[in-house]
Every structure is written in structure tokens, then in C-alpha cells.
Amino acid sequence: MLVRLIAFCRFLARPAWMPMGAGVTVRSFRKIVAVLLLAIIGLASAPPARAASPSAAAVEKTFHTYSDAGNYAAALTAAQTLAPMIRASRGERSVNYALAISYVAESLSNLDRYGESVPFFLQAISINDALQLPNRNLAVALRADLVAVYDSQGYLQEAETLFRQAIAMIDPTVTLVTTFEVFNNFAGVLLHQGRYHDAEEMNRRALAMYDKSPANRFTAASMQNLAIVLMHGGRFAEAEVLFKRALSIREQVLGPNHKEVAQSLLNLGALLTDVEGRNEEAIAIYQRAISIQQVVLGTDNDDMAMTLGNLAGAYSNMGRNADAESVQLQALAIREKVLGPKHPDVGLSLNNLGVLYANENRWGDAEKAQQRSLAIWDQVSGPDNPLVAVPLSSLGLV
């Protein structure tokens, strides 16, 4: 059974071991820009701007407080409050409003509500690009964020197109964090395209940007993402070291109950489950991740589905097939609801369910699940993607 690594860490900011990747996406650059922009609002001479600025600044500060703490639902509420305030005081055709809209998009993405976030990202990009003097940092960061969202949705070609746009915009005026975000997020796309060598190179390039800095969430994200790529290459000992380092950094920098801590736990559990067979230990790790995700994200989100899918793998390894089937069906239902019926992660759940059915000699159910899994991955990734070999191999067992 495949266990998935959570989440390729995208910065705005995934297994049965297959496409590991929980991503963390980097968004702190916009926090810096926001402070500057709202300060400009406060200094503006027009009475409407002066009247609105204290409240807008307070709401913006509240947004960052909640977002930094991993309380993305509360951050979304703050962002949805801030956007109309900025529109009223600065107008729709302003970099301030583009930034405020990006906060809504960021919060939705952090809640794994990817489809809902896309229109807001596109709106923010459109507003900023249409300005007489577009903010280049914001233009690059928004594209990097949308790369991560498209990657999470399985829209790999669209993600690569946006990456090319972003990379062409980078110049000496673009901040280090934003440049890191571009390379970090595109590495996830390369991984999901099966281009493992390129993904490793891109991850090492991102990690090198912070090699002389104190430990921070960007360092942790790069370590996690590089470990995911190394696992795909069979370099498990190196991957375990990096996963544990990333987890330790996140617990220190973000606190023990943050979404990104749960991502590190999920990936470490995936390594222990499928590579080392330490299933009891992995189950405890998954359960801790689930407890964090329930508080921070709720139950209907992609991260929760990945954790449940991996937990099912650990149960299956221990012969607890009834528990494994129940949990795997939960993961499948969440993915179909959140990501849609043709997403690669739905294919992953179907593949794992098919393997479970085959182990129980339920050959008809197994074949149906594997055929559907193969159809999804073939459509999304193309027949030459190495990930397609997974359902083909499983189907050969039926």
C-alpha cells in the first residue's frame, strides 16, 4: 500500500509512500509589503484614508497574528474583513487592494480550499499587473503561490507556465524570500512530474539560500521537501535525518500545534511505515498529526486525507484490514469532495484501496479501484510519468 508524504511544503504555506509531498509555500514577503502599504495609508493626506487606516492596520495585524499561529479560519475572516476596507479607502485599482485580495487567497489555500483560492489569486495578479507601476515582488510572489495551488490541484502544466513567468520577473529588486518561494514551489511540480533529479537540484538551490541563516520555517520547508525527493530516490537514511531536523525546527519556531508540524509528522510517519516497518510508532505519529489538523484545519481538507490514507497503510501492514478499509474510505471521500474526482490524490486512495481489497481476495472490487486509479493518473500525468507505474503494478496483482 502506498503511503504518501505530506505535503510538499509550499510557501504561502503531502502519503502510502508514493507521491510524498506536503508542501509549504512561502508568503512572508507579503507581510512586509503589507506593513509598508498600510503605513502609507496611515500617512495619506486624504481624510477617508486617515479615517480608515487605524482600523485597516489593526485588521491587517490581526490577520498576520492568526496566520502566523496557524489559525487559518480566523485569518480568513480577518482577510475578508480587510479587503472591502482597503477597496473603500484606496480603490480597486491599487496595489493595496491586490495585496488584501491575496490575503483571502492565501487563507483559503492554507485551509486546502484550493479551488476557491484560485479566482482570488488571479484577481490579485490582474490588479497588480495592470498598475502603471506594478509591484514586482508582489507579481512574483503571487505567481509562486499560484504555482503551489495548481500543483496541489494536479494542474502541472499550468503550474510550470506560471513558474516561467515568475522566473522571468526576478531581478535584484526581488526579495530573497520571494525568490526562495519560486524555486521551492516549482520543485514540488517537478517532483509530481516525475523529474526527480531536477526536483532535487531545485530543492538544494532553495535550501542554499538560507544555509547561513538561523534555523527558520524556510529552512525546515526546504529540508522536508528535499527529504521527500530523496525518498523517491531510495535514499531513506538521508531522508529520515532531514525529516527529523525539519520537525525539530518547526516545533521550535512555530510551536507544537502548527499545520507545518503536522506535515512533518506525516512525512516522518510515512518513512517509518513503508521503509522501516515501524508501524506502531508511525500510528502514534499519525494520530498526533490528526489531532493538530482537526484543530487547525477541520476534517474536510487534503492534509487530513493524506494522514488518514497513511494511517490506513500502517493498519494494513499490521493486518488490521477492517480498520484500514474504514480509514482509507474516509480519505477517499475527503479527497473526492475537496479535490474533485479526477485528482491524482484520488487515484492514490483508489490504488491503496485496490491493494487492500486484493489482500482480502476481493478481486472484483480491487480491479475496479485499480482501473479507475490508472485512468486518473494516465489522464493527469500522461502515460510516461513514472507514477503511472504504481497502479499498473498494482493492477498486475489483481
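Use the structure listed above.
One structure accompanies this document, and this report is about it. Note that the structure is a prediction, hence the values are computed from the model and not measured.

### What to know about the packing of helix α12 (residues 259–275) against helix α13 (residues 279–296)
Phase 1: The contact between α12 and α13 brings their axes to 8 Å, and the two run at 160°. Compared by their axis directions, α12 and α13 come out roughly antiparallel. For the pair α12 and α13, the sense of crossing is left-handed. Between α12 and α13, the contacting residues are Lys259, Val261, Ala262, Leu265, Leu266, Leu268, Gly269, Ala270, Leu272 and Thr273 on the first element and Asn279, Glu281, Ala282, Ile285, Tyr286, Arg288, Ala289, Ile292, Gln293 and Val296 on the second.

### Considerations on the side chain of Ser264
Phase 1: Note on placement: Ser264 falls in helix α12.
Phase 2: Classification of Ser264 as buried rests on a relative accessible area of 1%.

### Concerning the nonpolar core
In globular proteins that are soluble, nonpolar side chains generally tend to be buried together.
Phase 1: Among the nonpolar cores identified, the biggest contains 117 residues, and Leu146 and Phe243 are the most heavily contacted of them.
Phase 2: Among the elements that make up this core, the one with the highest residue count is helix α4 (residues 95–110) (10 residues).
Phase 3: The contacts of Leu146, once residues within four sequence positions are left out, are Val118, Phe121, Leu122, Ile125 and Leu162.

### Section: the packing of aromatic side chains
Phase 1: Applying the stated criterion across every chain, the model contains six aromatic pairs.
Phase 2: Geometrically, the ring pair formed by Phe180 and Phe218 is tilted, given 5.6 Å between the ring centres and 55° between the ring planes. In this pair, Phe180 sits in helix α8 (residues 176–192) while Phe218 sits in helix α10 (residues 217–232), placing the two residues 38 residues apart along the sequence.
Phase 3: Take Phe218: its relative accessible area is 9%, and that puts it in the buried class.
Phase 4: Members of the aromatic cluster, each reached through a chain of ring pairs, are Phe180, Tyr210 and Phe218.

Parameters at a glance
- Residues numbered from 1 in each chain as written.
- Predicted model: local features only at pLDDT ≥ 70, side-chain atom pairs only at ≥ 80, totals over all residues.
- Heavy atoms only, no water.
- Axes fitted to C-alpha atoms, helices over the stretch in contact; angles between N-to-C directions.
- Helix = DSSP H or I, 4+ residues; strand = E, 2+ residues; numbered from the N terminus.
- Parallel < 35°, antiparallel > 145°, perpendicular 65-115°, else oblique.
- Left-handed = near helix turned anticlockwise from the far one by under 90°.
- Contact = heavy atoms within 4.5 Å.
- Buried < 20%, exposed > 50% of the residue type's maximum accessible area, 1.4 Å probe, protein only.
- Core = buried A, V, L, I, M, F, W, Y, C linked by side-chain atoms within 4.5 Å.
- Phe/Tyr/Trp six-rings, centres within 6.5 Å; stacked < 30°, edge-to-face > 60°.

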